[in-house]
Amino acid sequence: RDRRPWLEFRRVLFRSIKDTKSLCPECGRPLDAEVYDEDGKVYIKKTCKDHGEFINTYWSDDEIYERINKYEPSITSVENPNVEFKGQCPSACGLCENHETSTVLGLIDVTNRCNLRCPVCFANAAASGRLYEPTQDEIRQMLKNFRNLKPNPCLAIQYAGGEPTVRKDIVDLIKMAKEEGFTHVQIATNGLKLAFKENFAKDLKEAGLNTVYLSFDGITPEPYISSRNRDLLPHKLQAIKNCRKAGLGVVLVPTLIKGVNDDQVGDIIKFAFDNNDIIYGVNFQPVSFAGRTPSNQVEEQRITIPDFIKIIEEQTDGEVATTDFYPPSSVEPIANFIGALDGKKPPVTLNCHQHCGIATYVFREKTEGSGKDKLIPITRFVDVDDLFEKLQEYSDRLLKGGFGIKQRVLASATTHLPTMIHNSRAPNNLDIRKILLNVFTKRSYDALGDFSKDAMLISCMHFMDAFNFDEDRVKKCVIHYATPDGRIIPFCTMNSMYREGVEKRFSTPLKQKNKV
C-alpha cells in the first residue's frame with residue numbers, strides 16, 4: 001500500500017517549531033523534546049527509554065502561539081549566580097550562569113503546614129509527614145540572597161507555603177521583609193485566618209503587607225467542594241470584607257480546572273469589578289499537574305493560555321477578545337523607556353518567556369438604562385503595538401545619546417504619544433493621555449495610581465509541570481524560590497523537581513501537635 005499521499009498530507013499538517021529539553025513525567029529524567037504544530041495545536045513530545053513516549057498539549061491554538069511568539073524578551077542574566085552550571089539543564093538550578101533573567105518576584109515557603117488539604121495543591125503541602133518551617137534567621141538570609149542579586153536586586157517578595165498564615169510570627173516576617181528593603185510584600189493565602197480573625201488584616205497592613213494573594217475559585221460553593229473538599233466561599237467573602245476594613249489590597253487567584261470552574265471565569269471577573277474598591281486584579285492559574293493532581297487527568301483537565309482567553313471572550317460576549325491580551329514581555333519597552341530617561345537600566349523588567357503568561361487591563365463603564373455595564377479593554381483606546389514600538393525607539397535614541405537628547409525625545413513623546421491614545425473612546429471620562437504622559441515623562445506614581453484604580457488587571461500565569469515542561473521557558477523564568485541552602489530556583493523546576501528534596505533536607509518528622 002502506497003503511504004506517500006498520507007505522509008505528504010501529514011507533512012502539511014505537522015510543522016516542527018523547535019527542539020528543547022523536557023522531563024519524564026514518571027521519573028523526572030531530563031529528556032530531549034520537540035515542540036511542534038499539528039492540526040492547529042502546538043504539542044510537546046518526548047520519549048523516556050524506561051517509560052515510553054509522552055505527547056501533551058503545549059498551546060491549544062497555533063495562531064495565538066505565533067502572535068505571542070513575536071514578543072520574545074531580552075536577556076538579563078544575573079552577574080553573581082548562586083551555583084555553577086553542571087550537567088543538563090535543569091538538573092542544577094540555583095540560579096546558574098545560564099539562566100537568562102533575574103528575579104522579579106521572589107518566593108519563600110515559610111511552612112509546609114496548612115489548614116486545608118486541597119487535591120490540586122502544587123506544593124503538596126504537609127503530605128510528606130515532615131515539618132518544613134525555616135527559622136527567622138534562615139528566612140532573613142533568604143531575603144538577603146534575593147536582595148543581593150546583581151545587577152538588579154529583587155524588589156518584590158511573596159510568602160507562600162503551605163499556608164503562611166499558620167505561622168504565629170507571620171506579622172514579624174512581613175516586617176522583616178520591609179527591613180530588608182523589599183518595596184512590595186504579599187502573601188499567598190487561602191484566607192481562612194483573615195476570615196476568622198477580624199483584626200488580622202489590620203495587623204498585616206500595619207506590618208507593611210501590600211497585597212493579599214487570595215485563592216478564589218468561584219462565586220458558588222461547587223468549585224470549592226470539588227477542588228478544596230469543602231465550601232469555602234463564605235470564608236472568602238469574609239476575608240475580603242476584613243481586608244476592606246483594613247484597606248489591604250487583594251488579588252484574586254483562581255485555580256482553573258476544566259469541568260470544575262472554567263464556566264465561572266466571567267462571573268469571577270464581574271465579582272472583582274463589583275469589589276474593585278479593594279480588589280485590583282485577577283490572576284487565573286490553570287491547574288499544574290504536580291503535587292496531588294492526578295496525572296491520568298492531564299489532557300482531560302488541561303487549560304492552556306489560548307483556552308483561557310477564548311473562555312473570556314465567550315463569557316464576556318466578545319467585549320474582551322483574545323486579541324486584547326498580551327504577554328508580560330510585551331511591556332518591556334515601557335520599563336526600558338523609563339529607565340533610559342534616567343540614564344540607566346530599569347530596576348524591574350518583565351522579561352519572562354513570552355509563552356508563560358498573558359494579561360490585559362480592562363475598564364468597566366456604567367451604562368445608563370441598559371442594566372448591564374460594559375467592559376472596555378485598554379486596547380480599545382490605546383494603540384498598544386504602536387505605543388510599544390515608539391517607546392522602544394525612544395529608548396534606543398536615549399541610550400545612543402547626543403546633544404540635548406533627553407529634551408528632544410521628551411518633546412517628541414509629548415507630540416507623538418497622544419496620537420496613539422484616543423481619549424474619546426476611554427471609559428468614565430478618563431484622561432488617559434494626561435495619565436500616561438505623567439507616568440512616562442514625570443515618573444508620577446500618583447498618576448499610575450489614578451490609572452490603576454479605574455482598571456482591573458486580568459491575567460493568566462500558566463505554570464509548567466513535567467508533562468509540558470520546556471527548558472526555554474525555565475531559563476526565562478522571573479518567579480523564583482529561595483531555599484535555606486542559598487539557592488534561588490525557578491518556580492516550575494521547584495515544583496516539578498526540587499520541592500521534595502528541599503523539604504526533606506530541611507525538615508523534621510511532623511509531630512502530632514504540628515498537624516493541622
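Preceding this section is the structure that the text describes.
A short tour of the structure in this document, coming up. (Residues numbered from 1 in each chain as written. Predicted model: local features only at pLDDT ≥ 70, side-chain atom pairs only at ≥ 80, totals over all residues. Heavy atoms only, no water.)

As for the packing of helix H3 (residues 136-147) against helix H4 (residues 170-179)
Then step 1. Following both chains from N to C, one finds H3 and H4 inclined at 30 degrees, their axes separated by 10 Å at the closest point. Crossing geometry of H3 relative to H4 is assigned as right-handed. Two secondary-structure elements touch here, H3 through Gln136, Ile139, Arg140 and Leu143 and H4 through Asp172, Leu173, Met176, Ala177 and Glu179.
Then step 2. Within the contact of H3 with H4, the residues separate by chemical class into five nonpolar, one polar and three charged. (Axes fitted to C-alpha atoms, helices over the stretch in contact; angles between N-to-C directions. Helix = DSSP H or I, 4+ residues; strand = E, 2+ residues; numbered from the N terminus. Left-handed = near helix turned anticlockwise from the far one by under 90°. Contact = heavy atoms within 4.5 Å. Nonpolar A, V, L, I, M, F, W, Y, C, P; charged D, E, K, R; others polar.)

As for the state of the cysteines
Then step 1. Evaluation of the coordinates by the stated rule reveals zero disulfides.
Then step 2. Cysteine Cys352 is unpaired, with the sulfur of Cys356 as its nearest cysteine sulfur at 5.3 Å.
Then step 3. Given the relative accessible area of 4%, Cys352 is considered buried.
Then step 4. You can see Cys492 has no disulfide; the closest cysteine sulfur is in Cys477, sitting 5.9 Å from it. (Disulfide = S-S within 2.5 Å. Buried < 20%, exposed > 50% of the residue type's maximum accessible area, 1.4 Å probe, protein only.)

Looking at the environment of Ile378
Then step 1. Relative to the assigned elements, Ile378 resides in the loop between strand S14 (374-377) and helix H13 (384-400).
Then step 2. Between the alpha carbons of Ile378 and Lys86 there is a distance of 45 Å; along the sequence they are 292 residues apart.

Focus on unusual backbone geometry
Note on backbone geometry: most residues besides glycine have negative phi, and most peptide bonds are trans.
Then step 1. Following Lys150, the chain continues into Pro151 via a peptide bond in cis, with omega recorded as 5 degrees.
Then step 2. Structurally, the position occupied by Pro151 is in the loop between H3 and strand S7 (156-160).
Then step 3. Looking along the chain, the bond that leaves Gly161 and enters Gly162 is cis, with omega of 25 degrees.
Then step 4. Here Gly162 lies in the loop between S7 and H4.
Then step 5. One non-glycine residue with positive phi stands out, namely Asn428, at about 55 degrees.
Then step 6. Within the secondary structure, Asn428 is located in the loop between helix H14 (405-416) and helix H15 (432-442).

A short note on the sheet that holds strand S1 (residues 14-23)
Then step 1. With antiparallel pairing, four strands are arranged side by side in an open sheet as S1-S2-S3-S4. Lying at the two open borders of the sheet, with one neighbouring strand each, are S1 and strand S4 (52-59). Recorded for the sheet is a direction-independent mean angle of 25 degrees between the axes of neighbouring strands.
Then step 2. As judged from the seven bridges shared by strand S3 (residues 41-48) and S4, these two strands associate in the antiparallel manner. Residue pairing for S4: Lys46 is matched across the bridge by Phe54.
Then step 3. Contacts from helix H2 (residues 62-69) reach S1, strand S2 (30-38), S3 and S4, with the element oriented near 70 degrees to S4. (Pairing = 2+ DSSP bridges.)

Regarding the side chain of Arg228
Then step 1. Along the chain, Arg228 turns up in helix H7 (residues 221-228).
Then step 2. Accessibility expressed as a relative area gives 10% for Arg228, which makes it buried.

Let's talk about helix H11 (residues 305-315)
Then step 1. For H11, the full list of buried residues reads Ile305, Pro306, Phe308, Ile309, Ile311 and Ile312.
Then step 2. Following H11 by one or two positions, Asp317 adopts a phi angle in the positive range, close to 55 degrees.

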